[in-house]
Amino acid sequence: QKIGSAVEGARQKVEAFKNSHPHVKKVADAFHSMKEKADELKSKLPTLQQSLAAVGNAAAGAAKGGFKALEVTIGGTMKAFAAFSTAALTAGAAITKSAVEHYADYEQLVGGVETLFGAGGQSLGEYAKSVGKTTTDAKKEYDSLMKAQETVLKNADNAYKTAGLSANEYMETVTGFSAALISSMGGDTEAAAKKADMAITDMADNANKMGADISSIQTAYQGFAKQNYTMLDNLKLGYGGTKEEMQRLLDDATKLSGIKYDISSYADIVDAIHVVQTEMGITGTTAKEASETISGSINAAKSAYENLVTGLADENADLDGLIDNMADSVLTVVDNVLPRIMETVPRIVETVPKLIEGLSTAFKGIAGQLGGLADQLLPPLM
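Just so it is clear, the structure is predicted and the values come from calculations on it, not from any experiment. (Residues numbered from 1 in each chain as written. Predicted model: local features only at pLDDT ≥ 70, side-chain atom pairs only at ≥ 80, totals over all residues. Heavy atoms only, no water.)

Caption draft 1: Spotlight on the overall build of the protein chain. Counting its regular elements, the protein chain contains 16 helices and zero strands. Burial statistics for the protein chain: of 382 residues in total, 31% are counted as buried. A fraction of 60% describes how many contacts in the protein chain between residues 6 or more apart in sequence connect residues 24 or more apart. A total of about 22400 Å² of accessible surface is found on the protein chain, and carbon and sulfur atoms cover 59% of it. (Helix = DSSP H or I, 4+ residues; strand = E, 2+ residues; numbered from the N terminus. Buried < 20%, exposed > 50% of the residue type's maximum accessible area, 1.4 Å probe, protein only. Contact = heavy atoms within 4.5 Å. Areas by Shrake-Rupley, 256 points an atom, 1.4 Å probe, with all protein chains shown as cover.)

Okay, here's the thing in structure tokens:
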């Protein structure tokens, strides 16, 4: 009775903890759903005895050998788990080191975003003094810069699902071409922040759809910012790496949109590429894959995890939000993977006995021929 009361008390504490932490409840509910699906799958599968019944004695013997190897493997696995405490400590140290390194990069990258889109980390008073204006006169301009900066940082936080990039990767990409983009837009940082996000999403969409390395596409965009078009063919849109081919892309985009694009404007180049990729059905593929495909959801989960690791070293980070993003992305992976498992396991159970039976028959045939083969081979070998 005492044990029962203790168990019930522990259960109530777990429930209270789960209910007070939405992300914990979310994960717990998801695993409960997974268990229900697994039980459903288990009920549909034939038992091992039924699977082996039709195979015959020889096949059953082969299966026993396989299960003996499996038993040895499981034994080794259990021994590995015995070292869990040491492994956990090692992992904890590795995560701490990774968190510090990621946060160091994060600080530097945020500084770049503040310089390009914001007020360089200055307060209103400091900014007004730096531009030779009163705080009243400088406020509107300052607010616009801060809004642009906030937009970029917010887009960086969401890039794990929109572009398959961590916040650090997003900011590293955006700082590589934004100076030219802002300049081509007459210094309008708010509009440039939105267009920069479109450009990065286009890069990710192109990489996903065309199977290219995103780093080569990022390099191409950085080249366009310097009026270097030699890597236009990296985008695999059907245009070669020359200025003339870039002009042809702009002309094609003009035909599609009715808008005239100027090759001397980096913003126009970004817009034209977006128009062409939209026409080709490339736009939006990354966000779709992040929610609907296994590889896309795994990439999103990896990026969400990197954001969480970075946030562990940041005292101002919204850890609840980062954990929620991580949980959501992992659950999306589960949603995409589980149906494939449900589809695959019954096929495996159905196929393996047939495979064993076929191999058994083949080995019997080989055994029957070994005698004659030995008679032919042994004399020459001797």
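Still more to cover.
Caption draft 2: Looking closely at the nonpolar core. Formed by 51 residues in total, the largest nonpolar core has its most connected members in F117, F177, Y221, F224 and L249. Ranked by the residues each element gives to this core, the list is headed by helix α10 (residues 189–210), at nine residues. Once residues lying within four places of it in the same chain are set aside, the contact partners of L249 are L232, L237, Y239, A272, I273 and V276. (Core = buried A, V, L, I, M, F, W, Y, C linked by side-chain atoms within 4.5 Å.)

Caption draft 3: Representation of helix α14 (residues 285–292) within the structure. Inspection of α14 places T285, T286 and A290 among the buried residues, and these make up the whole buried set. Mapping the buried residues of α14 onto a view down its axis gives an arc of 135°, with all of them on the same face. The exposed set on the far side of α14, more than 90 degrees from its buried face, consists of K288 and E292. (Arc of directions from axis to C-beta.)

Caption draft 4: Just the pattern of salt bridges, in detail. Across all of its chains, the model carries five salt bridges by this definition. Where E141 meets K133, a salt bridge forms, and the shortest distance between an N and an O atom there is 3.2 Å. Assessed through its relative accessible area of 35%, E141 is described here as partly exposed. What makes K133 partly exposed here is its relative accessible area of 40%. (Salt bridge = Lys/Arg side-chain N within 4 Å of Asp/Glu carboxyl O.)

Caption draft 5: Up close: the packing of aromatic side chains. Per the stated rule, a full pass over the model turns up five aromatic pairs. Taking the centre distance of 6.0 Å and the plane angle of 50° together, the rings of F177 and Y266 count as tilted. Of this pair, F177 sits in the loop between α8 (167–174) and α9 (178–184) while Y266 is found in helix α13 (residues 266–279), placing the two residues 89 residues apart along the sequence. Both residues of the pair, F177 and Y266, belong to the buried class. (Phe/Tyr/Trp six-rings, centres within 6.5 Å; stacked < 30°, edge-to-face > 60°.)

Caption draft 6: Local environment of the packing of helix α7 (residues 135–162) against α10. Across the interface, α7 lies against α10 with an axial gap of 8 Å and an inter-helix angle of 15°. When the axis of α7 is compared with that of α10, the two are roughly parallel. For α7 against α10, the interelement crossing comes out right-handed. Judged by residue contacts, S144, L145, K147, A148, T151, V152, N155 and T162 of α7 engage T189, E190, A193, D197 and T201 from α10. (Axes fitted to C-alpha atoms, helices over the stretch in contact; angles between N-to-C directions. Parallel < 35°, antiparallel > 145°, perpendicular 65-115°, else oblique. Left-handed = near helix turned anticlockwise from the far one by under 90°.)

Caption draft 7: Highlighting a nonpolar patch on the surface. A contiguous nonpolar surface patch, about 400 Å² in accessible area, is contributed by I95, Y305, L312, L319 and I323. Sorting the residues of the nonpolar patch by element identifies α15 (294–312) and α16 (319–381) as the ones contributing at least two each. By secondary structure assignment, the location of I323 is in helix α16. Of the residues examined, I323 reaches a relative accessible area of 30% and is grouped as partly exposed. (Patch = residues over 30% accessible without salt bridge, like charges linked within 9 Å, V, L, I, M, F, W, Y side chains within 5 Å.)

Caption draft 8: Inspection of α15 at higher detail. The terminal C-alpha atoms of α15, which comprises 19 residues, lie 27 Å apart, in line with the 27 Å expected from a rise of 1.5 Å per residue. Listing the buried residues of α15 in full gives G296, S297, A300, A301, S303, A304, N307, L308, V309, T310 and G311. Near the N-terminus of α15, the side chain that reaches the backbone nitrogen of G296, with its oxygen 3.1 Å away, is that of T293. (Expected span 1.5 Å × (residues − 1). Polar contact = N/O pair within 3.5 Å; in protein donor to acceptor, adjacent residues only side chain to side chain.)

Caption draft 9: Spotlight on unusual backbone geometry. Within the chain, Q227 stands out as a residue other than glycine whose phi angle is a positive 60°. Looking at the secondary structure, you find Q227 in the loop between α11 (214–225) and α12 (243–257). The phi angle at K236 is positive, at roughly 55°, despite the residue not being glycine. Secondary-structure assignment places K236 in the loop between α11 and α12. Given the relative accessible area of 45%, K236 is considered partly exposed.

Caption draft 10: Summary view of the environment of V174. Its location among the elements puts V174 in helix α8. Between the alpha carbons of V174 and Q222 there is a distance of 9.6 Å; along the sequence they are 48 residues apart. Ignoring anything within four residues of it in the chain, the contact list for V174 reads V113, F117, V152, A196 and I200.

Caption draft 11: Main features of the environment of G241. For G241, the location among the structural elements is in the loop between α11 and α12. Taking C-alpha positions, G241 is 8.8 Å from N228, a pair spaced 13 residues apart along the chain.

Caption draft 12: A look at the environment of A204. Among the structural elements, A204 can be located in helix α10. The exposure class assigned to A204 is buried, which follows from its relative accessible area of 2%. Taking C-alpha positions, A204 is 6.3 Å from T286, a pair spaced 82 residues apart along the chain. In this structure, A204 is in contact with A163, I214 and T286, ignoring residues within four places of it in sequence.

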